[in-house]
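Chain and residue survey
So you can see what is in the structure, the chains are spelled out below.
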Amino acid sequence: MPSDYLYDCMARFNWNDTSNLFSKLTPRRFWNASKVLASYYISKWIKKPVQWGFPVSISFEPTTSCNLRCPECPSGLRAFTRPTGMLKKDFFSETIDQLSKELLYLVFYFQGEPYLNPDFLDMVKYASSKKIYTATSTNAHYLNDENAKRTIESGLDRLIISIDGTTQEVYQQYRVGGRLNKVLEGTKNIVKWKKELRSKTPFIIFQFLVVKPNEHQIEDVKNLAKEIGVDDVWYKTAQIYDYENDPNQLIPTLDKYSRYKKMTGGNYAYKGGLANHCWRLWHDPVITWDGLVAPCCFDKDAQHKLGDLKTMPFKEIWKNQKYREFRASILQGRKNIDICSNCSEGIKVWEN
């Protein structure tokens, strides 16, 4: 799922990638981001929601469909209560047209595998034409030679490739139904076309979801990335739904890479704090493939629907009563909100 890019830039610095992001920053976008940030800190201070400006970043869902069956993923488990489907290109462009002058950063991911949407790269190209920084996350099974070339040509700025093991035996324990050789082949295709087209983008990341079955390969994935020509390796903590019991035995033994701590009775507890504020609610909404606006990427089933773009323009939704009430509830008692109980905010893991 994807992460807050502006936070990423502060936590780990890559000159080419960061300068590429800031090259998209127009005076209007800078002023919008300043207003959003100021309203967030004022809201924290007075304990009442104030919202100036419009989103700095947005996550847009290309599809809920996925080819894999990962055990802690709603897409993999086919566990959604909301409809599954594909984002339509015209609907996407209409929405982006409403926001492009303020929007700096666009994540083409929420649930599902983006490359399953046949219009995905056309939508990336459209957003890139608006000078918006674009990113996606993929399991890389569809990065054949043609798609790899089209990815470079689309102008995609950042490509996160999920690789949760460096051998097939380990990889498939979490990426159920996946083939590591396809991931490596797809990554090599991207690296090849990036060189052949003399492109500085996308910034290529191997994302390693640290779980108990793969924690012994943390160093191995760095060597593999270097060998192939991947730009960076990021380690991610795993979200476990039934973390108290951990039925799939996925919580790592390495405390640094876990969102949970083992208690004396043998069960696990969430180790993060839940302060009564959340930056995401002020700058980074999620839009599902069918136009529902959700508060953040932890509302995977869009249970907290704040608006529907099929019936109302985004800028009206952003400042409507439902959004104000949800921001107010965050400021008054975040621990009482279900989607916040397993949030990784404040449990970032950075290592090169």
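Residue positions are given per chain, counted from 1 along the sequence in the order it is written. With pLDDT at 70 or above as the cut-off, local features in this predicted model cover only qualifying residues; side-chain atom pairs require 80 or more to be listed or tallied, and sums for whole chains, interfaces and linings still use all residues. The basis for every side-chain value is the complete set of non-hydrogen atoms in the structure, without hydrogens or water.

What follows concerns the confidence of the model for the chain. The predicted model of the chain averages 90 in pLDDT, with 93% of residues at 70 or higher. Counting contacts from residues 1–11, a segment whose pLDDT is below 50, to residues more than four positions away or on other chains yields 31 contacts. The predictor rates its confidence in each residue with pLDDT, a number between 0 and 100. Here, residues are in contact when the closest pair of their heavy atoms is within 4.5 Å. This stretch, residues 346–352, has a pLDDT under 50; its non-local contacts, to residues over four places away or in other chains, come to 30 contacts.

Right, let's get into the packing of helix 5 (residues 89–99) against helix 6 (residues 120–129). Taken N-terminus to C-terminus, the directions of helix 5 and helix 6 make an angle of 20 degrees; their axes are 10 Å apart at the nearest point. By the angle between their axes, helix 5 is roughly parallel relative to helix 6. Along this stretch, helix 5 crosses helix 6, giving a crossing that reads as right-handed. Packed against helix 5, whose contacting residues are Lys89, Phe92, Ser93, Ile96 and Asp97, the element helix 6 presents Asp122, Met123, Tyr126 and Ala127 at the interface. By residue class, the composition of the contact of helix 5 with helix 6 is five nonpolar, one polar and three charged. To obtain each axis, a line is fitted to C-alpha atoms, and for helices this fit is confined to the stretch in contact; angles are then taken between N-to-C directions over 0 to 180 degrees. Runs of H or I in DSSP of at least four residues are treated as helices and runs of E of at least two as strands, each being numbered from the N terminus. Comment on the angle field: the value is read as roughly parallel under 35 degrees, roughly antiparallel over 145, roughly perpendicular from 65 to 115, and oblique elsewhere. Each crossing is labelled by how the near helix is turned from the far one, with a counterclockwise turn of less than a right angle marking it left-handed and a clockwise turn marking it right-handed. Each residue receives one of three labels: charged for Asp, Glu, Lys and Arg, nonpolar for Ala, Val, Leu, Ile, Met, Phe, Trp, Tyr, Cys and Pro, and polar for the others, Gly being one of them.

Of all the eight residues making up strand 5 (residues 203–210), eight are buried; the element is thus mostly covered by neighbouring parts of the structure. Sheet analysis places strand 4 (residues 158–162) next to strand 5, joined by five bridges and oriented parallel. Counterpart to Arg158 in the pairing with strand 5 is Phe203. What joins strand 5 to strand 6 (residues 232–237) is helix 10 (residues 218–228), and the crossover it makes is right-handed. Only protein chains enter the calculation, and the probe is 1.4 Å; a residue is then buried if its accessible area is under 20% of its type maximum, exposed if over 50%, and partly exposed in between. Two strands are counted as paired when DSSP detects at least two bridges linking them. Orient the strands so they point away from the viewer; a crossover is then right-handed if the path from the first strand over the helix to the second runs clockwise.

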